[in-house]
Amino acid sequence: MNTVAAPELFAPAARPAAVRALGAVLPLADLLPRPVYYAMAGGGSHGAVQWGLLQALSETDLTPDALIGTSAGALSGVIYAEDPLSGLNRLAYIWGQLDAGHIMSENWWTRLTNARQIALLDNRTEYETLQDLLTATTFADLALPFSTVATDVATGQTVVIDSGPLIPALLASSAIPGALPPVEIDGRLLFDGLASANLPALPAVRRGAGSVVVLDTGGRDPGEVNATARRVMSRLSAILATAQRRDQLRDAAAEVPVVLLPTPGGLAGNLDFRHTMQSAATAYESSRAFLARLITEFDGPLAPGLYADPDHRGVGDALGDIIRPVAI
């Protein structure tokens, strides 16, 4: 009789007994000087990773004082900030269904012949998606302080938005240069924050954070090196993101404690939404173990520095001199 293997389920295991022994919830809050900011990076479909990270944080006694997010991180951040009690559950439904069709109505890679236009696509589809997802219409309607990060088209400077209508700010933060149009806010044209602060740890510090918990979006496999337009653009994006990530973490950790939660590598493209459940499950399980280790190895309040697994995605190689290791 032929047998067919059951399809794989991406479901994390129960918490180990040693973790459960630390308490009903992990005692994290006393480690982190207030105010605590969650800094949420951009990353397209990899934003699902942050759903898993927020799940791990929900098993601690920590609640953020504010959130700051770029692009996909702004989406996860605003859903959480709108109503923290239901936000985590809402993100499960959102990331379980979201795909490129909710952001772009067409495949923009096939429209390179329109390069003379300001953008290959309009942002109407994303606008309608955000309208469907959000009850709040302005930043003042949110339950938690929240800000989103964009880039000034004229100067390249980071622009942090924390007041006024929500949807234009979210559209600006996720306006992929060349693919989606820049958004005018207060007389400035703005596009995706990935160009200036994709991982907004330093903007959080500049806004007064006493400590920062970084919710990154994982890393992708850049694939083989070749000269096709897609590969060149993909590698350029990866190089810029890596350099930015390093600088943001280094500069922020020089001033306050920065906790970098572990995230998966080897992910698919930023517009590939087929593996969001797997990515979120991996992030949840690894961050749950990381937080338990952080709590058992350090007494609070934490001093400035980067609290991270030195073996995680090359962090130790790039930032070894400032790392306070949390090995898992």
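This text follows the structure it describes.
What comes next is a walk through the structure. (Residues numbered from 1 in each chain as written. Predicted model: local features only at pLDDT ≥ 70, side-chain atom pairs only at ≥ 80, totals over all residues. Heavy atoms only, no water.)

**Observations regarding the packing of aromatic side chains**
For clarity, the cut-off: Between the rings of Phe, Tyr and Trp (Trp by its six-membered ring), a pair exists once the centres lie within 6.5 Å; its type follows the angle of the planes, with under 30 degrees stacked, over 60 edge-to-face, and the other angles tilted. A 1.4 Å probe rolled over the protein chains alone gives each residue an accessible area, and that area as a share of the maximum for its type sets the label: buried under 20%, exposed over 50%, partly exposed in between.
What the rule picks out here adds up to two aromatic pairs. Seen in terms of ring centroids, Phe139 and Phe146 are 6.0 Å apart; in terms of plane orientation they differ by 15 degrees. Their pairing is stacked. Among the residues examined, Phe139 registers a relative accessible area of 7% and is labelled buried. Its relative accessible area of 6% is what places Phe146 among the buried residues.

**Considerations on the side chain of Ser196**
Selection criterion: In this text, helices come from DSSP runs of H or I with a minimum length of four residues, and strands from runs of E with a minimum of two, each type numbered from the N-terminal end.
Relative to the elements of secondary structure, Ser196 occurs in helix α7 (residues 194-197). With a relative accessible area of 15%, Ser196 lands in the buried category.

**Some thoughts on the pattern of salt bridges**
Heads up, the rule is: Here, a salt bridge means any side-chain nitrogen of Lys or Arg that lies within 4 Å of a carboxyl oxygen of Asp or Glu.
Applying the stated criterion to the full structure yields eight salt bridges. The salt bridge partner of Asp65 is Arg34, with a shortest N-O separation of 2.8 Å. One end of the pair, Asp65, is in the loop between α2 (48-58) and β2 (66-70); the other, Arg34, is in the loop between α1 (17-20) and β1 (36-40), with 31 residues separating them in the sequence. Under the relative-accessibility criterion, Asp65 is labelled partly exposed at 30%. In this structure Arg34 comes out as partly exposed when scored by relative accessible area, which is 41%. Note that Arg90 is salt-bridged to Glu82, the shortest N-O span being 2.9 Å. Judged by relative accessible area, which is 12%, Glu82 ranks as buried.

**Some points on the packing of helix α3 (residues 72-82) against helix α4 (residues 84-97)**
We apply this condition: Angles here are taken between N-to-C directions and fall from 0 to 180 degrees, while the axes themselves are lines fitted to C-alpha atoms, restricted in helices to the stretch in contact. If an angle is under 35 degrees, it is roughly parallel; if it is over 145, roughly antiparallel; if it lies from 65 to 115, roughly perpendicular; otherwise it is oblique. Handedness of each helix crossing follows the sense of rotation of the near helix against the far helix: counterclockwise by less than a right angle gives left-handed, clockwise gives right-handed. Contacts are assigned to residue pairs with any non-hydrogen atoms lying within 4.5 Å of each other. In this count, Pro and Cys sit with the nonpolar residues alongside Ala, Val, Leu, Ile, Met, Phe, Trp and Tyr, while Asp, Glu, Lys and Arg are called charged and the others, Gly among them, polar.
It is the contact of α3 with α4, at a shortest axis distance of 6 Å, that shows an interaxial angle of 140 degrees. In terms of orientation, α3 lies oblique with respect to α4. The crossing of α3 and α4 is right-handed. Residue-level inspection shows Leu75, Ser76, Ile79, Tyr80, Ala81 and Glu82 of α3 in contact with α4, the latter providing Pro84, Gly87, Arg90, Leu91, Ile94 and Trp95. Taken together, the residues of the contact of α3 with α4 sort by class into eight nonpolar, two polar and two charged.

**A closer look at the nonpolar core**
Within soluble globular proteins, side chains that are nonpolar tend to cluster in buried spots. Definition in use: Residue types Ala, Val, Leu, Ile, Met, Phe, Trp, Tyr and Cys, when buried and joined through side-chain atoms within 4.5 Å, form a set referred to as a nonpolar core.
Judged by nonpolar contacts, the single largest core of 63 residues is most densely connected at Tyr38, Leu57 and Val213. The element best represented in this core is helix α10 (residues 276-297), accounting for eight residues. Each residue touching Tyr38, except ones within four places of it in the same chain, is listed here: Leu54, Leu57, Leu62, Pro64, Ala66, Leu67, Ile68, Val213 and Leu215.

**Some words on the pairing of strand β6 (residues 188-192)**
As a reminder, the rule being used: In this analysis, strands are considered paired if DSSP registers two or more bridges between them.
Of the strand pairs in this sheet, strand β3 (residues 146-152) and β6 are connected by three bridges, and their pairing is antiparallel. For Asp152, the partnering residue across the bridge sits in β6 and is Leu190. Hairpin connection, strand β5 (residues 183-185) to β6: the antiparallel pair is bridged by two residues, and Asp186 has positive phi, about 55 degrees.

**Observations concerning the packing of helix α5 (residues 124-133) against helix α6 (residues 166-173)**
Following both chains from N to C, one finds α5 and α6 inclined at 130 degrees, their axes separated by 10 Å at the closest point. One way to sum up the angle between α5 and α6 is to call them oblique. For the pair α5 and α6, the sense of crossing is right-handed. For the pair formed by α5 and α6, the contact residues are Glu126, Tyr127, Leu130 and Gln131 on the first element and Ile167, Leu170 and Leu171 on the second.

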